[in-house]
Amino acid sequence: MKKRILSIWLSVCMVLTMFPISAMAEEVDSSIVMSGEIIAFAPLAETEISVSTGTAIEDLGLPESLTVTVRTAVTAGAGTSEEAVQDSGNPGNLAEATPGSATPTNSNRQTETNETTEPEWNITTLDILVTWTSAYDMDTEGIYVFTPVIEDYFVSAALPEITVTVGTAKLQTQRTAFGALDTFSVAINTMLDIEVLPIYGDPDVDMMGNPRHSFTQPTDGSKSADLYWDAGSRLKVEYDTNSAMTVGAGSTIYFYAEESGTYTFTATFTGDNDIPHDYPITVTVTDGSAPASNPTKSIADSNLYFKDNSGDTQYSTDNTTWTSYTGEFTITGSSTSDAAATHTVIVQSGTHNITLSDCSIGAATATGIYNQASPSPFDIQSGTVNLTLTGENKLYSINEGKAALHVNPSASLVVTAESTGSLDARCHKNNANYGRGAGIGGDNTQASGTISINGGEVSAYSFNGAGIGNGNKYTYGEFGDIRITGGTVVAQSDNGNGIGFGNLNSGTGGSVTITGGSVNTSSKTSPIGGTLKNDNDIPVQLYTLTLLGVSAPTAVAALSTTPELDYVYGTSGMKTDGDGRLYVYLPTEKTAVSVTAGGVTYAKAPS
């Protein structure tokens, strides 16, 4: 009986050992769960954000998705067809087998294969939706770190982080060698670090070797800002005391303001010779908003100031609070008076693209009364103005000594080829006071800067200054280069040149280059002063062309000559006058001119 029971037990064991090994492995051994394993995150476009106090979390602009690299394990049993036959058995193979002839399964060999084969991975890149978590408090200044919340994925890569600074973001590092660089710009609620480096001898130091400096508190009228030794702990400087700088090498302070304005303070450094040296520092604090794009302002509302601040083009209405801008700045409106100074345009530095659009500045009439306190209606003190004209624009100087459009000797004016409007600039005769500034160019007793006219209709007049060029009585040499490549230009002066010198100028230098446009000049002395030429330094002369049958200003489309010019004569903005006349400047050997205007081509010998 016992032998029978033992026989039955052995039979059951034999049956169990005959099952295929793969049938016993019901679960795949894998560490990958859910949708896969994130093994890498693509770099973020922005990892540091600076905001002012009160910025809600939804306004931080945190990304809603992340680009990730995900790997997933190849599903068990998804091998080659040959492996599938070996594991599960092929009915065809079974048909060939006979009892006792079947090849036995080597279970030890199968176990070795499972232990040494690396898992197969499928690698993909995709975008996943995320949310962000942080202890963010929009009403408390500080630094907050955001990390993404990942769902449905196992994450083995380091999580990306976004740092949000509330109220105390460090915008930039500025350095000064006490006087080498002492003007800075920063946004409100933004920490600005300034490295102050003495230039006189070894510094006076404390027991720890930190250099000693004294600072006054930054102020702008009734407004004040603060200085700190450390940006994190907000250790404030004790003003007007000879305290030691305790951060790093002892050369950095941190400026912070909560209101826009222009703040000034003084740093005092005492060297090894015990002689104190004072260095004034100015910080312009802006409102922190993004630069205005293609802004438009009316001159009726205020003065308009322009400057460059370390490559940043800015404008102001009060010469105190500055706003950054990009693109074209358009000035409209009217600010005129025959009795007093009006709102004006003042360009202090930099390159600015400005459009005058139906704008009038200065005297209300061309012969208004004289007011010596009035500035130029449009004053380019330094830098370059690319001026585009649309509509009808007028600049009438109230002050006889000020140019209507002042171009300082260190400045440049470019009237663009894109101009479709007109400009009338006049430094006129007011009663017994005679206009001594140029229409466009220098003030009284002053030379002009560089002037280029490429389009539009430009009319300039002065009584004693040049229409375009120097002011009256400039006795120290030449005028700035004047170049005309297109447009319709009328330049007049009673006692100076239409273009070039003013009355009683004793200089002889300066050049007028004309390669396009209709240029009508008049003067009691000489219409054009200096050297008159084209781009090839070849002398040119005036040819007056009359288009028969034309009785109104008509745009010119093309101009050619015989013999042919070796350059294209510019016709952008070029028009006839009301009698069909054109005033062109060509080399002397030209024997015939062809003009296309109003759809008609005119050809004749020039006269």
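Preceding this section is the structure that the text describes.
Here's a quick rundown of the structure. (Residues numbered from 1 in each chain as written. Predicted model: local features only at pLDDT ≥ 70, side-chain atom pairs only at ≥ 80, totals over all residues. Heavy atoms only, no water.)

Things to note about the overall build of the protein chain
Here is step 1: Per the secondary structure count, the protein chain includes five helices and 47 strands.
Here is step 2: In the protein chain, buried positions account for 44% of the 607 residues.
Here is step 3: Pairs at least 24 residues apart make up 73% of the contacts formed inside the protein chain by residues separated by at least 6 positions.
Here is step 4: Looking at the protein chain as shown, the accessible area adds up to about 30,200 Å², and 50% of this sits on carbon and sulfur atoms. (Helix = DSSP H or I, 4+ residues; strand = E, 2+ residues; numbered from the N terminus. Buried < 20%, exposed > 50% of the residue type's maximum accessible area, 1.4 Å probe, protein only. Contact = heavy atoms within 4.5 Å. Areas by Shrake-Rupley, 256 points an atom, 1.4 Å probe, with all protein chains shown as cover.)

Some thoughts on the pattern of salt bridges
Here is step 1: Summed over all chains, the structure comprises 13 salt bridges.
Here is step 2: Beyond isolated ion pairs, a larger network of salt bridges with shared partners links D577, D579 and R581. (Salt bridge = Lys/Arg side-chain N within 4 Å of Asp/Glu carboxyl O.)

Examining the sheet that holds strand β7 (residues 154-155)
Two modes of strand pairing occur in sheets, parallel and antiparallel, and in both the strands are linked by backbone hydrogen bonds.
Here is step 1: The four strands are arranged β4-β3-β1-β7 in an open sheet whose pairing can be described as mixed. Two strands close off the open sheet at either side, each with one partner strand: β4 (121-129) and β7.
Here is step 2: Strand direction decides the pairing type here: strand β1 (residues 37-41) and β7, joined by two bridges, are parallel. Across the sheet, the residue bridging to I38 is V155, located in β7. (Pairing = 2+ DSSP bridges.)

A few points about the sheet that holds strand β5 (residues 131-133)
Here is step 1: The sheet built from four strands is open, its strands ordered β2-β8-β6-β5 with mixed pairing. At either end of the open sheet lies a strand with only one pairing partner, and these are β2 (48-51) and β5. Shown here is a sheet whose adjacent strand axes are inclined to one another by a mean of 30°, direction ignored.
Here is step 2: Inspection of the sheet shows strand β6 (residues 142-149) paired to strand β8 (residues 162-166) by five bridges, in the antiparallel sense. (Axes fitted to C-alpha atoms, helices over the stretch in contact; angles between N-to-C directions.)

Description of the side chain of T561
Here is step 1: By the element assignment, T561 lies in strand β44 (residues 556-562).
Here is step 2: By relative accessible area, T561 is classed as buried at 9%.
Here is step 3: Of the polar contacts made by the side chain of T561, one reaches the backbone nitrogen of L565; its length is 3.4 Å.
Here is step 4: Look past the residues within four positions of T561 in its chain and what remains in contact with it is L586, K590, A592 and V593. (Polar contact = N/O pair within 3.5 Å; in protein donor to acceptor, adjacent residues only side chain to side chain.)

Quick word on the environment of D537
Here is step 1: With respect to the helices and strands, D537 occurs in the loop between β42 (531-533) and β43 (541-546).
Here is step 2: The exposure class assigned to D537 is exposed, which follows from its relative accessible area of 54%.
Here is step 3: The spacing of D537 and T513 is 24 residues in sequence and 8.3 Å in space, taken between C-alpha atoms.

Side note on the nonpolar core
Here is step 1: If you look at the biggest cluster of nonpolar residues, it comprises 63 residues, and the most contacted ones within it are F306, I331, F378, L405, I440 and I468.
Here is step 2: Once you skip the residues sitting within four places of it in the chain, F378 turns out to touch V345, V347, I354, L356, V385, L387, L395, A404, L405 and H406.
Here is step 3: Judged by nonpolar contacts, the second largest core, of 21 residues, contains L60, V68, V130 and I162. (Core = buried A, V, L, I, M, F, W, Y, C linked by side-chain atoms within 4.5 Å.)

Here we look at the pairing of strand β37 (residues 457-462)
Here is step 1: Most of β37 sits inside the fold, with five of its six residues counted as buried.
Here is step 2: Here strand β34 (residues 422-427) pairs with β37 via six bridges, running parallel. What sits directly across from C427, in β37, is S462.
Here is step 3: By the bridge criterion, six bridges tie β37 to strand β39 (residues 482-493) in an arrangement that is parallel. Following the sheet pairing, S459 is matched in β39 by V490.

Observations regarding the side chain of N464
Here is step 1: By secondary structure assignment, the location of N464 is in the loop between β37 and β38 (468-469).
Here is step 2: The class for N464 is buried, based on a relative accessible area of 8%.

Quick notes on the environment of N536
Here is step 1: If you trace the backbone, N536 turns up in the loop between β42 and β43.
Here is step 2: Looking at N536, the relative accessible area reads 41%, which means it is partly exposed.
Here is step 3: Considering only alpha carbons, one finds N536 and D566, 30 residues apart in sequence, at a separation of 9.4 Å.
Here is step 4: Looking at N536, its side chain comes within polar contact range of the side chain of D566, at 3.2 Å.

Section: the packing of aromatic side chains
Here is step 1: Scanning all chains against the criterion turns up 10 aromatic pairs.
Here is step 2: With a centroid separation of 5.3 Å and 75° between ring planes, the pair formed by Y136 and Y144 is classed as edge-to-face.
Here is step 3: Clustering of aromatic rings is evident, with ring pairs tying together F306, Y315, Y325 and F329.
Here is step 4: One Lys or Arg, R71, reaches over the ring of W121 and ends 4.1 Å from the middle of that ring.
Here is step 5: In this arrangement the basic side chain of K307 is found over the ring face of W322, its NZ or CZ atom lying 4.4 Å from the centre. (Phe/Tyr/Trp six-rings, centres within 6.5 Å; stacked < 30°, edge-to-face > 60°. Lys NZ or Arg CZ within 6 Å of the ring centre and 35° of its normal.)

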